[in-house]
Amino acid sequence: MSVHLTTLADASLTVAVSRDGSQSLAEGVRERLTRVPAVESVEDASLDGVQPGLNELTAEVTATLAVDPEYAPDAAALADHLAEPFAVSDVTVTALREDSADPPDEVADPV
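Residues numbered from 1 in each chain as written. Predicted model: local features only at pLDDT ≥ 70, side-chain atom pairs only at ≥ 80, totals over all residues. Heavy atoms only, no water.

(A) Helix α2 (residues 75–82), seen in detail. Here α2 has its buried residues at A77, L78, A79 and L82. The residue sitting at the N-terminus of α2 and contributing the capping side-chain oxygen is D74; that oxygen lies 3.1 Å from the backbone nitrogen of A76. (Buried < 20%, exposed > 50% of the residue type's maximum accessible area, 1.4 Å probe, protein only. Helix = DSSP H or I, 4+ residues; strand = E, 2+ residues; numbered from the N terminus. Polar contact = N/O pair within 3.5 Å; in protein donor to acceptor, adjacent residues only side chain to side chain.)

Quick look at the structure:
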C-alpha cells in the first residue's frame, strides 16, 4: 500500500490581482497563489475583503493550500516563502498538517 502525504497549510494573506485580467477576482487570486513556488495547489480560498487600487485589486484571502513540504518546516518559514512574490503580502500561516493525498491501494475485507 502506497500513501503519499501532502502538507496542507491554512493561511490568511493579501493578494494583488491586476484589474486588466480576463478572469474573475477569485480566479486571479488562485492563479497568483499557484505561481508561488511553495504552492502545489489551492485547495480552498475565500475572499474576505477587497481594496481597489489604481492598477490592481488587493484581496484579503483565507486559503487552504497544498504546499511542497520542503518549504514548510514550520509555519513561520512557510509564511516567508509565501510572501516572496511581489503580489502576496501580510501572510499568516495558522496551521500546517499532513493529509493523505492517495486512497489506500487495497481495502481489507470485512470480517
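(B) Expanded view of helix α1 (residues 25–34). All buried positions along α1 are accounted for by G28, V29 and L33. Burial along α1 is one-sided: seen end-on, the buried residues are contained in an arc of 130°. (Arc of directions from axis to C-beta.)

(C) Just the nonpolar core, in detail. Ranked by internal contacts, the top residues of the largest apolar core, which has 23 residues, are L13, L33, L65, L78, L82 and V93. Put simply, the parts of the chain that give this core at least two residues each are β1 (5–18), α1, β2 (39–52), β3 (56–67), α2 and β4 (88–100). Discounting chain neighbours no more than four positions away, the residues touching L65 are T7, L8, A9, L33, V39, S41, V42, E43 and L82. (Core = buried A, V, L, I, M, F, W, Y, C linked by side-chain atoms within 4.5 Å. Contact = heavy atoms within 4.5 Å.)

(D) Local environment of the environment of L5. Looking at where L5 falls in the secondary structure, it is placed in strand β1. Sequence separation of L5 and D99 is 94 residues, and the distance between their C-alpha atoms is 5.5 Å.

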